[in-house]
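# Coordinate analysis (summary)
Single-letter residue listing:
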Amino acid sequence: MEADKKWYVIHTYSGYENKVKTTLELKVQSMGLQDVISRILVPLEDEIDEKDGVKKVVKRKIFPGYVLVEMEVNDRSWYVVRNTPGVTGFVGSATKPVPLSDSEVEHILKSQGLDKKPTINVDVEVGETVRITSGAFEDKLGVITELNPEKGTLKLSVEMFNRDTEVEVEFSQVEKAL
């Protein structure tokens, strides 16, 4: 089995894209699948809505009913994604999901501003306490156990259910705790 991760498209019930993303992120964390399923994305674009002469910028889903997942397909990861509430299946054949081409992925990531190398936007060190500002663990405090500038992520020890649990979040998802 090749250990290369590719981007796959998951079909979801319309309107459930963000719920599927959050549920899947929680499953990946709780089952320790971060090395198999790395990124989950609901691509958005800015659209200008005009109502009663007032212009307002709103985020619209580029692919309603679909969620993109960067993962290594194996029996376990395939099962976890397929059995996430709101997921109706992978795009591709019934037995084997078909990955997006590199050019498609590049285009989508560029449209989301995710093609750039991550830069550390928080000045933090191992051992410091930070607050998670978005995602499945929003508003939780965690102690930094590991920094990974190449991936733009950090590992935190977060207390959940009266025990410390290690979670991985992106630099953009944390701020220094006061």
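Just so it is clear, the model here is predicted, and its values are computed rather than measured. (Residues numbered from 1 in each chain as written. Predicted model: local features only at pLDDT ≥ 70, side-chain atom pairs only at ≥ 80, totals over all residues. Heavy atoms only, no water.)

## Observations regarding the pattern of salt bridges
Pairs may arise between side chains of opposite charge once their charged atoms sit close together. Per the stated rule, a full pass over the model turns up eight salt bridges. Residues Lys21 and Glu25 are paired through a salt bridge, measuring 2.9 Å at the closest nitrogen-oxygen approach. Note that Lys21 and Glu25 are positioned in helix H1 (residues 17-31) at a spacing of four residues, about one turn of the helix. With a shortest N-O distance of 2.9 Å, Glu47 and Arg60 are connected by a salt bridge. Here Glu47, found in strand E3 (residues 44-51), pairs with Arg60, found in strand E4 (residues 54-61); they are 13 residues apart in sequence, far enough to count as distant. Accessibility expressed as a relative area gives 32% for Arg60, which makes it partly exposed. Each member of the salt-bridge network shares a partner with another, and the members are Glu47, Asp49 and Arg60. (Salt bridge = Lys/Arg side-chain N within 4 Å of Asp/Glu carboxyl O. Helix = DSSP H or I, 4+ residues; strand = E, 2+ residues; numbered from the N terminus. Buried < 20%, exposed > 50% of the residue type's maximum accessible area, 1.4 Å probe, protein only.)

## Concerning the environment of Ser77
Residue position: Ser77 is located in helix H2 (residues 75-82). Look at Ser77 and you get buried, because its relative accessible area is 0%. Ser77 sits 41 residues away from Val36 along the chain, and the two C-alpha atoms are 7.0 Å apart. Once you skip the residues sitting within four places of it in the chain, Ser77 turns out to touch Val36, Ile37, Met71 and Glu72. (Contact = heavy atoms within 4.5 Å.)

## Some points on helix H3 (residues 102-111)
For H3, every residue scored as buried is listed here: Val105, Ile108 and Leu109. In a view along the axis of H3, the buried residues occupy a sector of 95°, so they form one face of it. Turned more than 90 degrees from where H3 packs its buried face, Ser103, Glu106, His107 and Lys110 sit exposed. Positive phi appears at Gly113, one or two residues downstream of H3, with a value of about 70°. (Arc of directions from axis to C-beta.)

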